[in-house]
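Coordinate inspection notes
Listed below, chain by chain, are the residues.
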Amino acid sequence: MVPIAEVIIFGTIEASVYGLLALGFSLVYGVGGILNLSHGLFYLLTGYIIFWTYTTIGIVWAVILALIIIIIVGGLSYLLLIKPLQENHVAILIITFSLGFFVEQFIKVFGDAIPHTVPSFVGGAITILGVPFPSQFFVILIGSFIVIAITGLFISKSKIGKSIRAISQDREAAMLMGINADRTLMYTVMISAALAGIAAVLYVPASSIAPHMGWDVLSNSFAIVIFGGLGSLKGSVVGAFILGYTRSFVNYFIDPAFSALVPIVVIILVLLIRPRGIFGKKEVY
Amino acid sequence: MNKKLNYKIYRSDENMERSTKRILAIVLVIAVAGAGLGIGLWFVFAPQESIFETPGVSGVSDDRLIKIGLLGGITEIQGEGNYEGAWLAAYNINQAGGVQVNGTTYYIGLVAEDTDESNPVLDVTKGVSAAEKIIEVDGAEYIIGGFRTEALKAYVEVVMDAKKLFLGTGASTDYFCGNVYGEAYSSYTRYKYWFRTMPINSSALGGSQITIMAYLGGYLSAVLAKPVTKVAILREALDWTIPMANALNTYLPYYGFTIVADIQYPITATATDFATYWNQIEGLDAQITIPVISAQGGLYMMSQYAALQPQCLIVGIDVQSQLDTFWTDTSGDCKYETIMQSVHRTNKSDLTIAFWDDFVATFDHEPLYTAVGAYDSVNLIADGINATGSFKAQRLITWLESFTRSSPMIGKSVTASHIAWNPSHDLEVGWPFGTTLYCQWQADGSKHVITSGNLLYPDSIVTGPISLPPWGIND
Amino acid sequence: MSAKSLSKGKGRVKKKLSGSKSYLLNWSKTFRGRLTIICLIGLCLIPLLTQNRYYLGIFITAMIFSIFAASWDFLAGFTGQVSFGQAIFFGISGYITSYFIRYLYLPWWASLLIGSLVGVAFGLLIGIPALRLKGPYLGLATMVLGLIMFYTFLNVKFEPWLGGSEGISKIPQISRNAVETYYIHLIFMITSFLILIWIGKSKMGTVFKSIRDDDIGAEASGINLTKYKLIAFMISAFFAGIAGGLFAMHNRGVNPGVFQPLYSFYAIVMASLGGIATISGSALGSYFFWFAAELFSEWPDVSVFIFAIILILVIRFAEHGILKPVLERLKDIWDLVLGK
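1. Side note on the interface of chain B and chain C
Listed by partner, the interface residues are 49 residues for chain B and 47 residues for chain C. Roughly 4,200 Å² of surface becomes buried between chain B and chain C when both sides are summed, with 55% attributable to carbon and sulfur atoms. When residues of chain B are sorted by the area they lose upon contact with chain C, Glu 132, Tyr 185 and Asp 239 of chain B head the list and together hold 15% of the total. In this structure, the connection of chain B to chain C is made through five salt bridges. A salt bridge links Arg 252 of chain C to Glu 132 of chain B, with the shortest nitrogen-to-oxygen separation between them at 4.0 Å. Counting the contacts that link chain B with chain C gives ten residue pairs in polar contact (both at pLDDT 80 or more). Elements represented by at least two residues in the side of chain B that touches chain C include exactly α1 (2-45), β3 (104-114), α3 (124-137), α4 (149-161), α5 (175-180) and α6 (188-191) of chain B. Of the residues forming the side of chain B that touches chain C, the biggest block, ten residues, is contributed by α1 of chain B. Split by residue class, the side of chain B that touches chain C holds 25 nonpolar, eight polar and 16 charged.

2. Some thoughts on a nonpolar patch on the surface
All names here are of chain A. Side chains of Ile 57, Val 60, Trp 61, Ile 64, Leu 65, Ile 68, Ile 69, Ile 72, Leu 76, Leu 79 and Leu 80 sit close together on the surface and give an oily, nonpolar patch of about 990 Å² of accessible area. In terms of residues, the nonpolar patch owes the most to one element, helix α3 (residues 59-82), which gives ten residues. Structurally, Leu 65 can be placed in helix α3.

3. Here's the deal with the confidence of the model for chain C
Residues and elements named next belong to chain C. On average, residues of chain C score 86 in pLDDT, and 92% of them reach the 70 mark or higher. Averaged pLDDT values over the elements of chain C bottom out at 60 in helix α1 (residues 3-29) and peak at 95 in helix α4 (residues 87-103). Contacts of residues 1-7 to residues separated by more than four positions or lying in other chains number one contact, the stretch itself having pLDDT below 50.

4. Re unusual backbone geometry
Along the chain, Met 198 of chain B connects to Pro 199 of chain B via a cis peptide bond; the corresponding omega equals -15°. Here Pro 199 of chain B lies in the loop between β6 (194-196) and α7 (202-224). Of the consecutive residues Trp 431 of chain B and Pro 432 of chain B, the connecting peptide bond is found in the cis state with omega at 5°. As for its placement among the helices and strands, Pro 432 of chain B is situated in the loop between β13 (418-419) and β14 (437-441). One non-glycine residue, Leu 129 of chain A, lies in the positive phi region at around 55°. Along the chain, Leu 129 of chain A turns up in the loop between β1 (125-128) and β2 (131-134). Despite not being glycine, Asp 364 of chain B shows a phi value in the positive range, around 65°. With respect to the helices, strands and loops of the structure, Asp 364 of chain B is situated in the loop between α12 (352-363) and α13 (369-388).

The rules behind these values
- Residues numbered from 1 in each chain as written.
- Chains lettered and ligands numbered in written order.
- Predicted model: local features only at pLDDT ≥ 70, side-chain atom pairs only at ≥ 80, totals over all residues.
- Heavy atoms only, no water.
- Contact = heavy atoms within 4.5 Å.
- Buried area = accessible area lost by both parts, 1.4 Å probe.
- Salt bridge = Lys/Arg side-chain N within 4 Å of Asp/Glu carboxyl O.
- Polar contact = N/O pair within 3.5 Å; in protein donor to acceptor, adjacent residues only side chain to side chain.
- Helix = DSSP H or I, 4+ residues; strand = E, 2+ residues; numbered from the N terminus.
- Nonpolar A, V, L, I, M, F, W, Y, C, P; charged D, E, K, R; others polar.
- Patch = residues over 30% accessible without salt bridge, like charges linked within 9 Å, V, L, I, M, F, W, Y side chains within 5 Å.
- Areas by Shrake-Rupley, 256 points an atom, 1.4 Å probe, with all protein chains shown as cover.
- pLDDT = per-residue confidence, 0-100.

Put into structure tokens, the structure is as follows:
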């Protein structure tokens with residue numbers, strides 16, 4: 001029974017990180033109808049800011065500083081680059097892609113290309129259901145569940161959250177009701193940046209960062225979000241879990257060499273059966 | 001009337017403005033055309049000032065240079081190592097008065113181009129274009145470098161087309177030497193310009209691994225008073241790991257080992273994936289794990305190893321662990337890892353320690369294997385030109401080919417006391433020829449050369465004992 | 001067929017030919033036409049200036065990617081199907097071309113043709129599932145299909161059949177003579193552009209554009225969407241395949257890296273730099289891209305960094321690409337010079 005427990009535990013851990021990353025990506029699409037290809041840079045930059053500063057100002061301040069900076073970067077990227085091009089979808093794809101590319105090169109020029117890591121918040125390992133895993137993974141699990149729950153509450157209860165929902169459901173009507181679509185989209189991009197940043201805060205200490213990793217983050221979030229259905233928060237979370245479990249299932253029962261291939265084949269198959277993803281709305285396209 | 005006048009003035013104003021604009025436009029067109037033509041002509045015809053760097057001397061004219069081109073991903077560790085090693089050798093040679101050829105003094109000139117080959121997202125056009133530039137534009141006569149097989153496979157053809165000597169310092173695959181002699185589609189006349197100076201080839205790495213395993217199996221069984229026979233292999237799912245894995249799977253059973261797992265992971269594997277690999281390995285009670293890793297997987301492997309503490313010893317290849325920065329990059333999680341390393345601060349040859357200290361004093365970090373290879377390569381080119389009195393690639397090839405196992409070059413290299421090439425222009429291996437050292441990270445952050453029981457290299461160059469992880473080894 | 005109808009047919013052909021002749025004549029008198037002709041003559045004369053393999057190599061790479069970017073532009077600009085997986089056709093043709101040259105000893109042009117036709121087959125294969133998908137879903141599906149190709153070819157378990165992570169190597173160049181290679185690529189580029197532009201101006205091009213602008217309306221007016229979308233995919237795949245085969249020969253081989261999203265993004269970036277739905281904008285974008293890359297190659301640390309900044313600025317301030325604004329400015333200046 002241990003292998004099944006391992007698939008569940010490691011699948012859940014991966015899924016919780018993917019979930020955080022995909023959630024923000026999906027929110028931005030839901031509100032603005034744009035695919036933000038610079039999504040990976042939020043993760044990457046947060047990781048690097050922590051890595052560059054934690055030795056001088058301590059890990060706690062490094063995390064706070066990184067999250068503040070990343071939220072500002074998110075807001076600025078919207079105001080300076082996305083907003084002026086909002087009507088042109090291809091231009092948005094390219095400019096957000098260029099932005100991600102820019103940050104990758106920025107890190108290469110002012111840092112280096114070798115993978116780095118930051119020390120874990122907690123050391124050692126713990127055992128659940130007979131499966132040992134590093135304690136930091138447990139922190140990831142708890143942390144991301146709390147954040148996902150808070151995000152869910154925020155979207156359903158707060159004022160900004162309500163505008164976000166209103167615009168995702170019916171942009172025209174929401175604007176007629178006096179909701180400022182541009183400002184809401186800016187908040188959404190900032191929330192999305194914060195979510196990706198939190199994913200980095202939780203995951204980088206257990207993993208590592210290197211300049212090219214922003215693209216892995218992006219393609220994972222992209223895949224999950226389309227798989228779950230664009231703009232659907234439920235879809236993002238469910239998609240993340242399916243991807244996480246598929247990966248660890250392949251690792252254990254098939255062959256690790258296929259763990260990169262099988263999940264994307266699953267995505268394509270689902271997409272062919274349901275062209276709008278699992279929970280995609282019909283009116284999205 | 002007033003109105004009319006006004007209108008006239010306005011008209012002539014407009015005309016004035018139009019003609020001024022026209023003149024400006026003509027000037028602009030002529031200026032742009034002239035500038036374009038000028039830049040174009042300058043690009044093609046201008047006698048460019050020398051782009052060659054001459055470490056240790058200055059003001060050497062271009063015709064007194066031995067022009068060496070360095071190809072590699074300059075911004076990343078392998079290419080940087082290649083450049084640093086060559087720079088140090090050039091500095092030493094130039095400071096000592098250059099190279100004498102038929103009574104004239106020549107100096108080493110270096111030029112580097114970026115092939116961007118260490119980039120995980122590889123674009124081979126960068127390498128091809130860098131190789132064309134370094135030969136056709138910069139005018140390099142001898143090439144040193146190469147690391148990533150896929151990129152090197154493309155641009156080695158450019159260098160062979162141009163018939164320039166190419167000393168490989170980074171790629172361990174058998175392919176390139178196989179081109180020279182001994183494999184299907186090999187062609188000596190085309191590929192004879194290729195020689196390998198570093199590292200020893202991947203089949204020999206497999207042989208070294210089997211030898212150290214034979215020794216360690218006996219040693220650990222004796223120290224731990226229990227049979228140590230269960231081995232796991234953890235490797236990147238890339239072509240270069242295949243020969244080594246085949247060798248291990250075939251020969252280790254003859255030495256009494258059982259391979260309990262052979263895990264090939266995709267290069268995109270994450271930290272979580274590595275936790276699952278360790279759990280699988282631990283579940284099978286492996287006592288020794290052999291990594292065969294060149295990329296960032298090593299980092300994950302060690303951080304998960306430190307957290308999960310599987311009861312096994314790690315002995316194998318992990319390229320990034322060769323760097324002295326690996327200790328801080330893993331926050332010390334790399335302790336007890338034993339890896340292959342071509343050079344460490346020990347008397348591998350009489351020159352090694354002096355080179356090592358010189359390098360550390362110059363660059364403030366330890367040399368990567370490409371740095372050692374490039375250092376040797378520049379010295380080889382200088383010695384060859386000095387010995388043959390010729391700059392011709394063919395004369396140098398004949399000279400290099402004259403060093404065989406029975407008549408080696410002695411006391412010239414920092415990696416081995418004896419240097420020789422086999423018919424496929426690959427380094428001869430086995431002490432005192434090319435050998436790999438096994439170095440282990442210690443709990444205090446230092447790295448020791450451990451014993452191979454006199455099998456791979458003599459115990460006289462060992463710098464420390466084998467340490468076992470305090471959490472023990474599986475039964 | 002009666003003689004009368006035959007002569008009538010002949011007459012029509014003649015008329016069409018003379019029609020296109022006068023069209024070309026008129027076009028060559030426009031500012032745009034003249035500029036194009038000057039540029040083409042300029043490209044033909046380059047080898048007089050330099051026979052250096054490296055300088056010609058930059059032009060050759062730019063020409064290969066011009067064709068590739070134009071193939072993407074054809075699909076995205078004319079039919080509105082934004083593909084993130086153009087590298088699939090590029091890569092498969094590179095592999096097939098290399099395979100036929102290296103292992104079956106076919107001449108390069110035959111291998112290239114076979115490679116591109118296999119690309120067309122993949123265009124059909126991918127076009128069919130893509131019929132059901134639109135917008136971002138199509139983008140993702142094509143990107144993921146590209147990744148599937150990448151990981152399949154990279155997979156160690158398939159190494160005996162697909163060549164593994166190191167692919168196929170030792171492919172000879174088209175010609176040992178750099179000038180000859182240059183002209184062959186130039187011919188390929190001009191021919192590909194002529195065909196793509198001609199299709200764009202033909203009746204089929206109009207159908208494509210109507211599908212792009214309003215597919216439901218187009219279907220309602222009796223256009224067979226399935227047929228035309230598949231044709232568009234196949235045409236696009238053919239030219240991406242030509243580019244892929246030329247790329248493989250220029251770089252002496254292929255490895256799974258040709259399927260990377262990187263190359264698909266290259267195509268998108270170049271085509272949009274030049275201007276979408278212009279075809280010739282792709283050439284401008286591609287030349288701009290490769291010249292900038294080589295110009296900054298002296299400083300490898302910062303070169304791509306600077307390029308990223310330029311890219312952001314260009315897209316930010318000229319979202320429809322640089323071809324049209326550049327042409328307009330040039331025409332304004334030219335008119336001033338002529339005193340118009």
